[in-house]
Amino acid sequence: MPLNFPLRIRFFAHSLPGTHLSYNTSSSVPLLFRIFSSGLNHFEFGSRIKFSTRPNRDQPEFERRIRDGGEIRASKSLIEDEEELSNWVSGFRTGSSRGILKSDDEDEEDRSRGRNQEKRGIRNQVDSFRNKRYGGDRERGFNSRIQGKSSEASFRGKKETSFSRDREDYKGLRKREDLLEDESSDEDVKSLVMGDIGDLLSEDDEEEDQDYDFLKKKAVSAFGFDKENVIEADKTRNANDSYLTKTRFDHYPLSPLSLKAIKDAGYETMTVVQEATLPIILKGKDVLAKAKTGTGKTVAFLLPSIEVVVKSPPTSPDNNRPPILALVICPTRELANQAATEANTLLKYHPSIGVQVVIGGTRLGLEQKRMQTNPCQILVATPGRLKDHIENTPGFATRLKGVKVLVLDEADHLLDMGFRKDIERIISAVPKERQTFLFSATVPEEVRQICLVALRRDHEFVNCVHEGTIETHQQVRQMHMIASLDRHFSLLYTLLREHIMDNVDYKVIVFCTTAMVTKLVADLLGELNLNVREIHSRKPQSYRTRVSNEFRKSKGLILVTSDVSARGVDYPDVTLVLQVGLPKDREQYIHRLGRTGRKGKEGEGILLLAPWEEYFLSSLKDLPITKSPLPSIDPETVKKVQKALCHVEMRNKEAAYQAWLGYYNSQKMIGRDKDRLVELANEFSRSMGLDNPPAIPKLILGKMGLKNVPGLRAK
Ligand SMILES: Nc1ncnc2c1ncn2[C@@H]1O[C@H](COP(=O)(O)OP(=O)(O)OP(=O)(O)O)[C@@H](O)[C@H]1O
């Protein structure tokens, strides 16, 4: 029985004919059932199998195996920091977060709550704390949105036995609550969840994960995403790596007011991805687009979205729930703000069309008020906060029923494990009859299949980075350096100083593995009198926005950051991206590197690894990254760095140590051998100038699966 899967794969500047793939399903169907079990619920089996890429909106599911495994895999993927983990864990020790793992005996609905349960659990702790401090009446007054939910999560009833919180605990919980409202601190959510559950995974779970990865890849292949199905593209543009085309925007039937705004923005001709996607989108098609970093994907999806809004009939002023017509989802707050700014640029001459942003880290009530007093047609949102509005803002779900265009920016990231459930919920809240655009600089094979849940079957895959060309920019020089951990801080300082000396207008981004390591590095470089700013998920949103805006406009500045700045953020003229330690994966390496070399400019990227991290380079073997000799570090520099390290606060070193341990514990290759992991963590501790590794709460060690591992100090 042949499996027919019509798929059009389009490369930039090329319209390729539809490709019909036939597969003998005798072997692939059972496999597919195992991998895409619920996805296959949407297939109609007949004499030919039709492949419906749209989920059943009433019962949205990506697929169960991913769902069940996903929580775990996401949790293990990133450790941002564990600053509040101790408080959090003690509040939840009776089992809230462990609940996420109880997949065997939980019902389906409980499973799908995942992160929301966690969020509610934390809110409830805050709630309970407030109750204790202020009494019920006051509590009812200022905490109405938390109320009414307490019956939803039964696990919370058991949790509070040791819940005598002092003010610090309360503050910690408030922070945690903010964190969980903030999709851009997805890393934190993952890390904190991981701190709780990741290491409760048995070895079997991990093996099953690997097994699953393998099977999923096979299934992806069976669906026709093999290399052999990718059609050769016009290579001329990629050869010179030009991001602009000669096609003018007025070549297409865009509204004159949009064209006027485009001209004002200084955009004369289209970028490659804009030229490739616009005509398809204007025809009403769904698009999955892959194009290199910094090549104008934001305009590529915003412009046609605006055109859809322009062409829609105006809403009656009497309608108190005016429809949201275009919904753009971004994984981080910075990115959402950036997309909204770009939308406003394009809307300069469309005064009747409004854009609003809903993101974590801001007060839900304020956003609700803003949306009520000044309803918009275009909404840019981060996933968790959007889901919050769907669930808690009266009339919001009705407004979403008007969505005609759904955009997932950084689609592969949004559809990966960390955001999966939120996106699933959002997709179920918007109409089936809509246009959907998925954009990213990376679309790994494994994620491509999952992309299909959002797209119509006749969507087009516009690949501006065709097979055989590199996914990074040729004009960005990529190097890696391998040095033992004890030399990393001195090397980092030396590399930065050399770069500053060579570049008057230097603008550097230093990526670190976790938020608390970011803080440590920023503190250290500040002590060394470098002009440093820091952004990570533990900084308040107002601070993040301020620093982000400052860095966008400035030169002569170093931004030390966690992965909250890895994707999408458009800082012009970044001269160097320095990645210290293991990136989460190949994609993250590419996105981080993509902060330099934007809009065809030159740039430099350095990846600094320890010898035991060198294995990661095999995942970059198709990229033009070369080994660089280490710069010589004079003894004076070493002394200077050691002295500066002495001035870094002890508690920051302790937090960095714990976060470091958590991050590498979650890296399969390193975290597997716990004895070795602890040896390496203690090497990191010594590199911070500590004689003894900081003690870690027993509870956290237990949760990390590191109890009684030699070399660790417990408290
Ligand atoms: N047609 C155009 N001509 C000139 N500049 C453009 C054009 N379109 C977009 N730009 C500019 O190019 C820069 C990069 O665009 P954008 O941030 O959308 O890139 P991206 O492809 O989304 O990158 P990333 O993959 O990192 O998210 C922005 O400063 C944007 O204003």
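What you see is a predicted model; the values in this text were computed from it and never measured.

Topic: the site of the ligand
Piece 1. The immediate surroundings of the ligand are formed by 23 residues, with Tyr267, Lys297, Thr298, Asp570 and Arg598 found nearest.
Piece 2. In the model, an oxygen atom of the ligand is placed 2.7 Å from a nitrogen or oxygen of the glycine 294 main chain.
Piece 3. Protein burial of the ligand: of its 640 Å² of free accessible surface, 94% is covered by the chains.
Piece 4. Every element with two or more residues in the shell around the ligand is listed here: strand E6 (269-271) and helix H13 (297-311).
Piece 5. Among the elements that line the shell around the ligand, the one with the most residues is H13, at three residues.
Piece 6. When grouped by side-chain class, the residues that make up the shell around the ligand number six nonpolar, nine polar and eight charged.

A few points about unusual backbone geometry
Piece 1. A positive phi angle, close to 55 degrees, is found at lysine 599, a residue other than glycine.
Piece 2. Relative to the assigned elements, lysine 599 resides in the loop between helix H24 (586-593) and strand E19 (603-609).
Piece 3. Taking the relative accessible area as the measure of exposure, lysine 599 reaches 47% and is therefore partly exposed.
Piece 4. A positive phi angle, near 65 degrees, is found at asparagine 708, a position not held by glycine.

Quick look at the domain arrangement of the protein
Piece 1. When its domains are assigned, the protein resolves into domain 1 (230-463), domain 2 (472-632) and domain 3 (649-704).
Piece 2. Computed over C-alpha atoms only, the centres of domain 2 and domain 3 are separated by 22 Å.
Piece 3. On the side of domain 3, 17 residues touch domain 2, which itself brings 17 residues to the contact.
Piece 4. Taking both sides of the interface into account, the surface hidden between domain 2 and domain 3 amounts to around 1,600 Å²; carbon and sulfur atoms contribute 72%.
Piece 5. One can count zero salt bridges joining domain 2 with domain 3.
Piece 6. If you look at where domain 2 meets domain 3, you find five residue pairs in polar contact (both at pLDDT 80 or more).
Piece 7. Here the element with the most residues in the side of domain 2 that touches domain 3 is helix H22 (residues 515-527); it accounts for five residues.

Overview of the packing of aromatic side chains
Piece 1. All told, the structure shown has eight aromatic pairs when counted by the stated rule.
Piece 2. When the ring of tryptophan 612 is compared with that of tryptophan 660, the centres are 5.9 Å apart and the planes differ by 75 degrees; the resulting orientation is edge-to-face. With tryptophan 612 in the loop between E19 and strand E20 (625-627) and tryptophan 660 in helix H26 (residues 650-665), the pair connects residues that are 48 residues apart, well separated along the chain.
Piece 3. Residues tryptophan 660 and phenylalanine 684 carry aromatic rings whose centres are separated by 5.2 Å and whose planes lie at 15 degrees to one another, so their mutual orientation is stacked. Placement of the pair is tryptophan 660 in helix H26 and phenylalanine 684 in helix H28 (residues 674-687), with a sequence separation of 24 residues.
Piece 4. Looking at tryptophan 660, the relative accessible area reads 3%, which means it is buried.

Overview of the environment of leucine 576
Piece 1. Looking at where leucine 576 falls in the secondary structure, it is placed in strand E18 (residues 576-580).
Piece 2. Given a relative accessible area of 1%, leucine 576 falls into the buried group.
Piece 3. As for leucine 576 and glycine 711, which are separated by 135 residues in sequence, their C-alpha atoms are 37 Å apart.
Piece 4. The contacts of leucine 576, once residues within four sequence positions are left out, are His499, Lys507, Val508, Ile509, Thr596, Glu604, Gly605 and Ile606.

Here's the deal with the UniProt feature "short sequence motif: Q motif" (unreviewed entry) in the protein
Piece 1. Following the UniProt record, one finds the feature "short sequence motif: Q motif" (unreviewed entry) at residues 247-275.
Piece 2. Taken end to end, residues 247-275 comprises 45% helix and 17% strand; its first and last C-alpha atoms sit 7 Å apart.

Rules behind the numbers
Residues numbered from 1 in each chain as written. Predicted model: local features only at pLDDT ≥ 70, side-chain atom pairs only at ≥ 80, totals over all residues. Heavy atoms only, no water. Near = heavy atom within 4 Å. Polar contact = N/O pair within 3.5 Å; in protein donor to acceptor, adjacent residues only side chain to side chain. Areas by Shrake-Rupley, 256 points an atom, 1.4 Å probe, with all protein chains shown as cover. Helix = DSSP H or I, 4+ residues; strand = E, 2+ residues; numbered from the N terminus. Nonpolar A, V, L, I, M, F, W, Y, C, P; charged D, E, K, R; others polar. Buried < 20%, exposed > 50% of the residue type's maximum accessible area, 1.4 Å probe, protein only. Domains from an automatic or database assignment. Contact = heavy atoms within 4.5 Å. Buried area = accessible area lost by both parts, 1.4 Å probe. Salt bridge = Lys/Arg side-chain N within 4 Å of Asp/Glu carboxyl O. Phe/Tyr/Trp six-rings, centres within 6.5 Å; stacked < 30°, edge-to-face > 60°. UniProt positions renumbered as here; feature names shortened; annotations may be inferred.

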